[in-house]
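Inside the fold
Next come the chains, spelled out residue by residue.
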Amino acid sequence: MNRRCPATLLLAALSLGSVAGTTPAASDAATIATLTAEARAAAGELSGQLAGELAREYAISGRLRSIVVCKYSAPELSSQISRLHGAQVRRVTLRTRNPALGTADEWEQRQLLDFERRHTGGEAVSTLEVAALVDEPAGRYFRFLKAIEAGELCVSCHGTKDALNAATRTRLSSEYPHDRATGYRVGDMLGAVSFKKALAEARP
Ligand code: HEC
C-alpha cells in the first residue's frame, strides 16, 4: 500500500471487503476496478499490435522503413483503439520524439515522474501502473497510466548513440529535428500508455 496512490487504497479497501457496497468510496472503487481492467486490455492491445507491426516491418524492410511505418501506424492504431473503447488511448513520455502526439499532460507528467522514482527505487517497469478518478474542469474522468519498458527492438531506434546506427540517426534527425526520445537502455522506462475515459457526468 502506498500513500501516493489513492486508487491503490480504494482497490485494497474493496478487496478487503471493508467498505459497505453503497458508500461513495465503494462505488468509486468499483468504477476504478472495472475500468482498470478495460484500460489494461486497451494498453495491451496498443502495445501488442504496435510491437507486432514493428517487428513485421523490421523483418521485411529493415529499420529505416520501420521508422516511417512507426510514424503513421502508431497514431492510427491509437485512434482505432480509442474509438473501440470510447476513450483516449495514447502513448506519452517525458522525452518526446513527436511532441505533437507524445507530450504528457500535467496529470501524466506527475505519474511518469513518480514511476521514474519508483523504478529508481527498484520496482520493475512492467509493474508500474496507476489508476484514479480525476476531477477536471470538464468533469470527472477515469485516468490510467501503464509504464512501457524498453526492449531490444526499441533501443535500435530509441537507444544510446552506439545502439543507433548512422543511417538511423540521420533519418531520425531529419524526420524529428527535436527528437529527445533516445539514450534508453533495455529495461528503462520509455514512456507509458495513457487511457482516459469520461465518466457519465463529464462533458465528452
Ligand atoms: C524503427 C524505429 C523505431 C522502433 C524500432 C521503435 N520506435 Fe518508438 N518511435 C519511433 C518513431 C519514428 C516515433 C515517433 C512516431 C510519431 O511520429 O508519432 C516513435 C515514438 C514512440 C513513442 C511515443 C512518444 C514520442 O516520443 O513521440 C513511444 C512511447 C515509443 N516510440 C516507444 C517505443 C517502444 C516501446 C518500442 C519497442 C517496442 C519502440 N518505440 C520501437 C521509432 C521507433
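Each chain carries its own residue numbering, running from 1 in the direction its sequence is written. Residues qualify for local features only when their pLDDT is at least 70, as the model is predicted, and side-chain atom pairs are given and counted only at 80 or more; totals for whole chains, interfaces and linings, by contrast, use all residues. Heavy atoms from the whole structure form the basis of all side-chain values; hydrogens and water molecules are not counted.

Attention shifts here to the overall build of the chain. Each helix is a run of H or I in the DSSP string that is no shorter than four residues. Each strand is a run of E no shorter than two, and both are numbered from the N terminus. Of regular secondary structure, the chain possesses six helices and four strands. For the chain, the α and β elements follow one another from N to C terminus as α-α-β-α-α-β-β-α-α-β. In the chain, buried positions account for 40% of the 204 residues. Residue contacts are counted whenever heavy atoms from the two residues lie within 4.5 Å of one another. A separation threshold of at least 6 residues defines the contact pool for the chain, and within that pool the share at least 24 residues apart is 66%. Throughout this description, buried means an accessible area under 20% of the type-specific maximum (1.4 Å probe, protein chains only), exposed means over 50%, and partly exposed covers the range between.

The subject of this paragraph is the side chain of His158. Tracing the backbone through its elements, the reader meets His158 in helix H5 (residues 152-158). For His158, the side chain forms a polar contact with the side chain of Arg97, separated by 3.5 Å. Definition of a polar contact: a pair of N or O atoms within 3.5 Å, with one able to donate and the other able to accept a hydrogen when the atoms are protein atoms, and with sequence-neighbouring residues admitted only if both atoms are side-chain atoms. A polar contact is formed between the side chain of His158 and the backbone oxygen of Ala181, at a distance of 2.8 Å. Leaving out residues up to four positions away in the same chain, His158 has contacts with Arg97, Leu164, Ala181, Thr182, Gly183, Tyr184 and Leu190.

If you look at the biggest cluster of nonpolar residues, it comprises 19 residues, and the most contacted ones within it are Leu46, Val89, Phe142, Phe144 and Phe195. Elements that contribute at least two residues to this core include exactly helix H2 (24-85), strand S2 (129-136), strand S3 (139-149) and strand S4 (189-198). Per-element tally for this core: the top contributor is H2, with 10 residues. Apart from the residues within four sequence positions on either side, Phe195 is in contact with Glu38, Ala39, Ala42, His85, Ala87, Gln88, Val89, Phe142, Arg143 and Phe144. Nonpolar cores were defined as sets of buried Ala, Val, Leu, Ile, Met, Phe, Trp, Tyr and Cys residues, with membership established by side-chain atoms within 4.5 Å. Membership of the second largest hydrophobic core comes to 14 residues, among which are Ala104, Leu112, Phe115 and Met189.

Keep in mind these numbers describe shape, not what the thing actually does.
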